[in-house]
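For reference, the chains in residue letters:
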Amino acid sequence: MHLSPSIGVWVAVFLTLCVLSFLYKDNPFYKFAEHLVVGVSVGYGMVLWYTQGILPKFITPFFKEGKYIYIVPAILGIMITMQLVRKYAWLARFPMAFLLGASSGIGLPRTMQAGVIKQLEATMVPMGFSRLQYIWNIVIFVGVLSVLIYFFFSKEHKGVFGGIANIGIWYLMIGFGATFGYTVMARLSLFIGRVLFIIQTALGIQVAG
Amino acid sequence: MFLKRQLPLLITLVCGIIWGVQYFIPHPASEAVYSFYTDWGLVIGLFASILGFVSIIRLHYMKVRHHAKNWQFSVVTLSAMPVMIVAAILTGTESGGAFMWLYNYVEVPIEATMFSLLAFYIASAAYRAFRARSAQAAALLVAAAIVMLGRVPVGAQISFWSHLFPGTSIPQIASWILNVPNMAAKRAINLGVGLGMMMVSLKIILGIERTYLGGQE
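Residues numbered from 1 in each chain as written. Chains lettered and ligands numbered in written order. Predicted model: local features only at pLDDT ≥ 70, side-chain atom pairs only at ≥ 80, totals over all residues. Heavy atoms only, no water.

1. A look at the overall build of chain A
When helices and strands are tallied, chain A shows six helices and zero strands. Tracing chain A from N to C terminus, the helices and strands come up as α-α-α-α-α-α. The C-alpha atoms of chain A give 27 Å as radius of gyration, which overshoots the globular expectation for 209 residues (17 Å, by more than 25%). For chain A, long-range pairs separated by at least 24 residues make up 27% of all intrachain contacts whose partners lie at least 6 apart in sequence. Summing over all exposed atoms, chain A offers an accessible surface of approximately 11,300 Å²; the carbon and sulfur share of this is 71%. (Helix = DSSP H or I, 4+ residues; strand = E, 2+ residues; numbered from the N terminus. Rg over C-alpha atoms; globule rule 2.2 N^0.38 Å. Contact = heavy atoms within 4.5 Å. Areas by Shrake-Rupley, 256 points an atom, 1.4 Å probe, with all protein chains shown as cover.)

The following block contains the structure:
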């Protein structure tokens, strides 16, 4: 056992234990850590906002490179903050209209391409029984079709339609189960990471393997 | 009325058409229109972030001012913000300074532990959700169990049958579940999400969806 001499490590251990104390019940230690992380991350965000955002994207182009046109998006951005003043809250509608209109216009064809056509392309691949992969392609095709039918609520799920929708539910359940299992393992590995931090980094106890 | 309601809708329509058409025009001028949005959108977003900063400061300030329940913790939040800013001003944002020290030893451990806490709550949620009350719920349970076992070494070690039937060890079955039925379900969901996003975009451009205007006149 070799205790860490770093103050930072012990601060991190204390805060880790503060958060883990929530497993017993909500308590002042957890609340302290919770509020502290909010403050620290907002402060961190403010610093990054300035150093990596407003400084290179507005201050430098506007004041040093003479790109005075940047005053327009700056004014539009300030208009969004007018939501804080009830009397002038309506001013926020113009930048919001610009942002939403442009992003919807940009998103429409790109979503069609990436979210619909690419997905369909990936589903319509060679199928058959000559190769194992071709059989799995059939399984995927049947799954995509049946889940889509399950989500089609304009027609009552009865008869053949209902039967196909039922197959879709099976696919969804297996998919949700797999996602759940995957998420649990990701969270558990995070937890193991925190435990190892306390045991190995702070207490200096080496765990075999 | 025109200024407050129709004009924003008109701006949305015109911007939606311009940037929607831009995608189909392979020309440097069209690319310039696209970069114009990315540059301007970023600057607008940066200034709009002030709204978020002011909101959270105001929220905690009001809690302290009115001595709301647990207001003492709001003091912690309000104090931590300037501490980070002062640390950045005095020691810079490079590693080795007080700013990155606070990030590495305060923010990172708390956030990582908070995320890891979810493992316990997911486990308790699983107890409620995974009780195999129907065949379909059992499918969810079995898929989750196989994927979980497939991600750890013990999954391969207990697959004693895999010598007799190659390709059927738990990690391989877990991989198949993730790549075949799971992918089919995800792909169908993604298709639905894609179509939904397109519909919402169209509704915004055409002025059918106008909640962003707020409830006032």
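There is more to say after this.
2. Details of the overall build of chain B
The secondary structure content of chain B amounts to eight helices and zero strands. Ordered by position in the sequence, the α and β elements of chain B form the string α-α-α-α-α-α-α-α. Relative to the 2.2 N^0.38 estimate, which gives 17 Å for 217 residues, the radius of gyration of chain B is 26 Å and therefore markedly larger than a compact globule would have. Scored against the burial criterion, the 217 residues of chain B give a buried share of 37%. When contacts within chain B are restricted to residue pairs at least 6 apart in sequence, long-range pairs at least 24 apart make up 33% of them. Roughly 12,100 Å² of accessible area belongs to chain B as shown, and the carbon and sulfur atoms make up 70% of that amount. In chain B, 14 positive and 7 negative side-chain charges are present, and the distance between their average locations comes to 19 Å. (Buried < 20%, exposed > 50% of the residue type's maximum accessible area, 1.4 Å probe, protein only. Lys, Arg positive; Asp, Glu negative; His and termini not counted. Charge placed at Lys NZ, Arg CZ, Asp CG, Glu CD.)

3. Thoughts on the environment of Val85 of chain A
Residues and elements named next belong to chain A. For Val85, the location among the structural elements is in the loop between helix 3 (71-81) and helix 4 (93-123). The partly exposed category is assigned to Val85, whose relative accessible area is 37%. Spatially, the C-alpha atom of Val85 lies 54 Å from that of Ile164, the residues being 79 residues apart in sequence.

4. With respect to the packing of helix 2 (residues 28-64) of chain A against helix 2 (residues 28-65) of chain B
As a packed pair, helix 2 of chain A and helix 2 of chain B sit with axes 11 Å apart at the nearest point and diverge in direction by 155°. Taken together, the axes of helix 2 of chain A and helix 2 of chain B are roughly antiparallel relative to one another. For the element pair helix 2 of chain A and helix 2 of chain B, the recorded crossing hand is left-handed. When helix 2 of chain A is examined against helix 2 of chain B, the residues His35, Val38, Val42, Gly45, Met46, Trp49, Gly53, Ile54, Lys57 and Phe58 of chain A are found in contact with a partner set consisting of Leu42, Val43, Leu46, Phe47, Ser49, Ile50, Phe53, Ile56, Ile57, His60 and Lys63 of chain B. Broken down by class, the residue content of the contact of helix 2 of chain A with helix 2 of chain B amounts to 14 nonpolar, five polar and two charged. (Axes fitted to C-alpha atoms, helices over the stretch in contact; angles between N-to-C directions. Parallel < 35°, antiparallel > 145°, perpendicular 65-115°, else oblique. Left-handed = near helix turned anticlockwise from the far one by under 90°. Nonpolar A, V, L, I, M, F, W, Y, C, P; charged D, E, K, R; others polar.)

5. Re the packing of aromatic side chains
For the structure shown, the criterion picks out 27 aromatic pairs over all chains. Look at Tyr23 of chain B and Phe24 of chain B: their rings are 5.2 Å apart centre to centre, the planes differ by 90°, and that puts the pair in the edge-to-face class. With centroids separated by 5.0 Å and ring planes inclined at 85°, the aromatic side chains of Phe160 of chain B and Trp161 of chain B adopt a geometry described as edge-to-face. Residue Phe160 of chain B is classed as exposed on the basis of its relative accessible area, which comes to 65%. Of the residues examined, Trp161 of chain B reaches a relative accessible area of 25% and is grouped as partly exposed. Aromatic ring contacts, followed pair by pair, group Phe58, Phe62, Phe63 and Tyr68 of chain A together with Phe47 of chain B into a single cluster. Geometry around Phe161 of chain A places Lys155 of chain A over its ring, the cationic atom sitting 5.6 Å from the centre. When the ring centre of Phe197 of chain A is taken as reference, the NZ or CZ atom of Arg194 of chain A above it lies at 4.7 Å. (Phe/Tyr/Trp six-rings, centres within 6.5 Å; stacked < 30°, edge-to-face > 60°. Lys NZ or Arg CZ within 6 Å of the ring centre and 35° of its normal.)

6. Let's talk about the domain arrangement of chain B
Its domain assignment divides chain B into domain 1 (1-68) and domain 2 (83-129). If you average the C-alpha positions of domain 1 of chain B and of domain 2 of chain B, the two centres end up 30 Å apart. (Domains from an automatic or database assignment.)

7. Details of the interface of chain B and chain A
With 110 residues of chain B at the contact, the number on the chain A side is 109 residues. In this assembly, chain B packs against chain A so that about 10,000 Å² is buried in total across both faces, 82% of it on carbon and sulfur atoms. Connecting chain B to chain A are zero salt bridges. The interface formed by chain B and chain A holds ten residue pairs in polar contact (both at pLDDT 80 or more) in total. (Buried area = accessible area lost by both parts, 1.4 Å probe. Salt bridge = Lys/Arg side-chain N within 4 Å of Asp/Glu carboxyl O. Polar contact = N/O pair within 3.5 Å; in protein donor to acceptor, adjacent residues only side chain to side chain.)

8. Some words on the pattern of salt bridges
Two side chains that carry opposite charge are able to pair once their charged atoms sit near each other. All names here are of chain A. Tallied over the entire structure, the rule returns three salt bridges over all chains. Here Lys67 makes a salt bridge to Glu65, at a shortest N to O gap of 3.5 Å. For Glu65, a relative accessible area of 47% corresponds to the partly exposed category.

9. A closer look at the packing of helix 7 (residues 170-179) of chain B against helix 8 (residues 181-205) of chain B
Residue and element names in this part refer to chain B. Look at helix 7 against helix 8: their axes get within 3 Å of each other, and the N-to-C directions meet at 20°. The angle between helix 7 and helix 8 falls in the class roughly parallel. Together, Trp176, Ile177, Leu178 and Asn179 of helix 7 and Pro181, Asn182 and Met183 of helix 8 make up the contact between the two elements. Across the contact of helix 7 with helix 8, the residue classes break down as five nonpolar, two polar and no charged.

10. So, the environment of Gln22 of chain B
Looking at the element boundaries, Gln22 of chain B is found in helix 1 (residues 2-22). Given a relative accessible area of 5%, Gln22 of chain B falls into the buried group. Counting along the chain gives twelve residues from Gln22 of chain B to Tyr34 of chain B, while the straight-line C-alpha distance between them is 7.2 Å. If sequence neighbours within four positions are ignored, Gln22 of chain B has contacts with Arg110 of chain A together with Ser30, Glu31, Val33 and Tyr34 of chain B.

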